[in-house]
Amino acid sequence: MKATCWMGRNKVEVLDVPDPRLLNARDAVVRITSTAICGSDLHLVDGYIPTVKKGDVLGHEFMGEVVEVGPEVRNLRVGDRVVVPFPIACGNCFACEEGLYSICENSNPNAGLAEKFMGHSPAGIFGYSHMLGGFAGGQAEYARVPFADVGPIKIEDDLPDDKVLFLSDILPTGYMGAEMCDIRPGQTVAVWGAGPVGLFAVTSAHLLGAGKVICIDRFPYRLRKAEQAGAHPLNYEEVDVLEALRDLTGGRGPDACIDAVGMEAHHPTPAMYAYDRAKQAARMETERPYALREAILACRNGGVVSVIGVYGGLLDKFPMGSLMNRSLTIRTGQCHVQRYLRPLLDRIRAGEIDPSFVISHRLPLSEAPRGFEMFKHKQDECTKVVLTP
Ligand SMILES: [Zn+2]
Ligand SMILES: [Zn+2]
């Protein structure tokens, strides 16, 4: 089959690789109909996530048709149409029973490697390094889905792929980012990043009762999308964000701040950006945490900082004093996608959310490398690339 492979830093190629097959009784094989490039794939391509190997198949956002099922997968049949969540979860362990699927204790066969970096291991993730399981990803014609009796959700009506594909990651991730803010009616939420996850965080904050949502980015076309999603846009290259947020909140600061940017943030102050860029390039810190630092400083006393942007390792100049002295709560996690699938599918079906508004480009799988280039360099007003095998 054809698959999108990581071939080194800034090198993505579509190659012929062996077809996946069932390895376990709880596996399924899915023929992929739609798959997407994610902002977190860029961290792999840019070389900031360790333990990626040449030839690894990328992609963790995919859906398609079941073509093979193992004997213990009793809820799926050949021919079913499914969306597959990006974290792989067993459904039976301590974490899964708590609904914390992205920290499943049984799905990462390379847990020992993750423990060295992080102390304990999170769940395995499709197409996301050997430290997180070394599973082949879904930017391909087919994928093997472990624990297929737990993760995939069946799509039984005629909703098009475009409306349900993002249940695999970015819609639940944005939703969880807003949910972690414990929004009370009328509160103000600020979201850093007007990429797809930031846009879904904006939409979700409104659904969960926010009175005002503010979105921070530097690309006018992305800020326009945030505005269409109901946010007040702030361009950090034009305004002082902390000052603007104070002005918009009667001097107090937003009740909750969501970091939907993560480890490769940009910064309007050349000196600070150069500092993080240099330390990251020298691998002395793995992150450029500017959005996170600003989210913490901006948040009102006693507020919540919700981190859904992806981080890989270590950061510095972390404003712990601000967090501690001002009674802030920080909440974070890779999304526990499985627990949001049903409620968010119901909201899509009811017409409360149409996630397809984030799509800017559709390409055949064979053009994945061009998709990565466009997405990474924000060419042609690119917000989200969907690939069709
Ligand atoms: Zn993703
Ligand atoms: Zn589990």
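Owing to the predicted nature of the structure, the values given are computational and were not obtained by experimental measurement.

## Re a nonpolar patch on the surface
Part 1 of the reasoning: A grouping of L113, F117 and M118 is seen on the molecular surface, where their side chains present a nonpolar patch of about 270 Å² in accessible area.
Part 2 of the reasoning: For L113, the location among the structural elements is in helix α3 (residues 111-118).

## A short note on the side chain of S40
Part 1 of the reasoning: Its location among the elements puts S40 in helix α1 (residues 39-45).
Part 2 of the reasoning: Its relative accessible area of 10% is what places S40 among the buried residues.
Part 3 of the reasoning: What S40 contacts, discounting residues up to four positions off in sequence, is H60, Y128 and V310.

## Re unusual backbone geometry
Negative phi characterises most residues that are not glycine, and trans characterises most peptide bonds.
Part 1 of the reasoning: Residue K317 is not a glycine yet carries a positive backbone phi of 50°.
Part 2 of the reasoning: Looking at the element boundaries, K317 is found in the loop between β15 (304-307) and α11 (320-325).
Part 3 of the reasoning: Here S327, not a glycine, exhibits a phi torsion of approximately 55°, which is positive.
Part 4 of the reasoning: For S327, the location among the structural elements is in the loop between α11 and β16 (329-332).
Part 5 of the reasoning: The class for S327 is exposed, based on a relative accessible area of 52%.

## Focus on the coordination of the zinc ion (ligand 1)
Part 1 of the reasoning: Coordination sphere of the zinc ion (ligand 1), protein contribution only: C38 (SG), H60 (NE2), E61 (OE) and D169 (OD), at 1.8 to 2.2 Å.
Part 2 of the reasoning: Coordination at the zinc ion (ligand 1) is tetrahedral, judged from the four donor atoms that bind it and the angles of 93 to 132° they form at the metal.
Part 3 of the reasoning: Each donor residue of the zinc ion (ligand 1) belongs to the same chain, with the gaps between them written as C-x21-H-E-x107-D. Of the two residues, C38 sits in the loop between β3 (28-36) and α1 while D169 sits in the loop between α4 (161-164) and α5 (170-179), which places them 131 residues apart along the sequence. Grouping residues by exposure puts C38 and D169 together as buried.

## Quick word on the environment of G124
Part 1 of the reasoning: Structurally, G124 is set in strand β8 (residues 124-125).
Part 2 of the reasoning: By relative accessible area, which is 0% here, G124 ends up buried.
Part 3 of the reasoning: For G124, the residues in contact, after removing those within four places along its chain, are F86, P87, I88, S107, N108, L132 and F135.

## Here we look at the packing of aromatic side chains
Part 1 of the reasoning: Summed over all chains, the structure comprises six aromatic pairs.
Part 2 of the reasoning: Where F200 meets F357, the ring centres are 5.8 Å apart and the plane angle is 90°; that geometry is what we call edge-to-face. Within this pair, whereas F200 is found in helix α6 (residues 196-207), its partner F357 is found in the loop between α12 (341-349) and β17 (361-364), the two being separated by 157 residues in sequence.
Part 3 of the reasoning: Look at F200 and you get buried, because its relative accessible area is 0%.
Part 4 of the reasoning: The rings of F62, F126 and F135 are connected pair by pair, giving a single aromatic cluster.
Part 5 of the reasoning: Here R9 stacks its cationic end above the ring of Y48, 5.8 Å away from the centre of that ring.

## Describing the pairing of β17
Part 1 of the reasoning: Residues H361 and L363 point to one face of β17 and are all buried, whereas R362 and P364, pointing to the other face, are not buried.
Part 2 of the reasoning: Relative to strand β18 (residues 385-388), β17 is paired through four bridges, and the arrangement is parallel. Bridge pairing links L363 to L387 in β18.
Part 3 of the reasoning: Crossover handedness for the path β17 to helix α13 (residues 368-376) to β18: right-handed.

## Observations regarding the coordination of the zinc ion (ligand 2)
Part 1 of the reasoning: Within the first shell, the zinc ion (ligand 2) binds the protein through C90 (SG), C93 (SG), C96 (SG) and C104 (SG), at distances of 2.3 to 2.4 Å.
Part 2 of the reasoning: Each donor residue of the zinc ion (ligand 2) belongs to the same chain, and together they define the spacing C-x2-C-x2-C-x7-C.

## A closer look at the sheet that holds strand β13 (residues 232-235)
Part 1 of the reasoning: One open sheet holds the six strands; their spatial order is β13-β12-β11-β14-β15-β16, and the pairing between them is parallel. The open sheet has two free edges, formed respectively by β13 and β16, since each of these has just one partner strand. Going across the sheet, the axis of each strand differs from the next one's by a mean of 20°, ignoring polarity.

## Focus: the sheet that holds strand β1 (residues 2-6)
Part 1 of the reasoning: Spatially, three strands are ordered β2-β1-β4 in an open sheet, and the strand pairing comes out antiparallel. For this open sheet the edge positions go to β2 (12-16) and β4 (56-57), each flanked by a neighbour on one side alone.
Part 2 of the reasoning: Across five bridges, β1 lies against β2 in antiparallel orientation. Across the sheet, the residue bridging to T4 is V14, located in β2.
Part 3 of the reasoning: Across the sheet, α13 lies against β1 and β2, angled at about 165° from β2, the strand it touches most.

Cut-offs applied
- Residues numbered from 1 in each chain as written.
- Chains lettered and ligands numbered in written order.
- Predicted model: local features only at pLDDT ≥ 70, side-chain atom pairs only at ≥ 80, totals over all residues.
- Heavy atoms only, no water.
- Patch = residues over 30% accessible without salt bridge, like charges linked within 9 Å, V, L, I, M, F, W, Y side chains within 5 Å.
- Areas by Shrake-Rupley, 256 points an atom, 1.4 Å probe, with all protein chains shown as cover.
- Salt bridge = Lys/Arg side-chain N within 4 Å of Asp/Glu carboxyl O.
- Helix = DSSP H or I, 4+ residues; strand = E, 2+ residues; numbered from the N terminus.
- Buried < 20%, exposed > 50% of the residue type's maximum accessible area, 1.4 Å probe, protein only.
- Contact = heavy atoms within 4.5 Å.
- Donors = N, O, S within 2.8 Å, 3.2 Å for Na, K, Ca; no water.
- Tetrahedral: all angles 85-135°; square planar, octahedral: opposite > 155°, others 65-115°.
- Phe/Tyr/Trp six-rings, centres within 6.5 Å; stacked < 30°, edge-to-face > 60°.
- Lys NZ or Arg CZ within 6 Å of the ring centre and 35° of its normal.
- Pairing = 2+ DSSP bridges.
- Right-handed = clockwise from strand over helix to strand, strands pointing away.
- Axes fitted to C-alpha atoms, helices over the stretch in contact; angles between N-to-C directions.

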